[in-house]
Amino acid sequence: MALIRCPECGGELSTTAPSCPKCGYQQHAPPPTVVRTTEGLTGKFLDPVNNVRGCLRLVVLFLIVGLLLCLVGNYR
Ligand SMILES: [Zn+2]
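Quick caveat, the model's predicted, so the values are computed rather than measured.

Definitions and cut-offs
- Residues numbered from 1 in each chain as written.
- Predicted model: local features only at pLDDT ≥ 70, side-chain atom pairs only at ≥ 80, totals over all residues.
- Helix = DSSP H or I, 4+ residues; strand = E, 2+ residues; numbered from the N terminus.
- Contact = placed C-beta atoms within 7 Å.
- pLDDT = per-residue confidence, 0-100.
- Buried ≥ 20, exposed ≤ 12 C-beta atoms within 10 Å, placed from the backbone.

### Some thoughts on the overall build of the protein
- Looking only at helices and strands, the protein features two helices and two strands.
- Counted from the first residue to the last, the protein has its helices and strands arranged as β-β-α-α.
- In the protein, 3% of the contacts between residues at least 6 apart in sequence involve partners at least 24 apart.

As C-alpha cells, this is what we get:
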C-alpha cells in the first residue's frame, strides 16, 4: 500500500483508502476518462476552478436545452 498526496487537502492518503480521512475526498469516484488520461499530461484539470466552471457550463447547457424543449412543447 502506497501513500499519495490528497489533491484536496494535501494530506497523506492511502491508495487503498476509498476516501481521504481528513477531508473526505473520494479518490475512487470515477472521473470521466478524458480527465483521467489528460490529467497528468497537461495539469489543466488539477485546477479546481476550471473543473467547477466546466460543470457549471454543462448544467447551464442542460437547463437551456430543457427550457427550449418545454417551449417547443407548449407551442404545439
Ligand atoms: Zn484530503
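### What about the confidence of the model for the protein?
- Here the protein averages 80 in pLDDT, and 74% of its residues register 70 or above.
- Taking the mean pLDDT of every element in the protein, the minimum, 57, falls on helix α1 (residues 33-42) and the maximum, 92, on strand β1 (residues 3-5).

### Topic: the environment of Ala2
- The topology assignment puts Ala2 in the segment before β1.
- You can call Ala2 exposed: it has 7 C-beta atoms within 10 Å.
- Through-space distance from the C-alpha of Ala2 to that of Thr15 is 5.7 Å; in sequence the pair is 13 residues apart.

### Re the environment of Gly11
- Following the sequence through the fold, Gly11 ends up in the loop between β1 and β2 (12-14).
- We classify Gly11 as partly exposed; it has 13 C-beta atoms within 10 Å.
- The spatial distance from the C-alpha of Gly11 to the C-alpha of Lys22 is 7.4 Å, given a sequence separation of 11 residues.
- In this structure Gly11 touches Cys6, Cys20 and Lys22, once residues within four positions along its chain are discounted.

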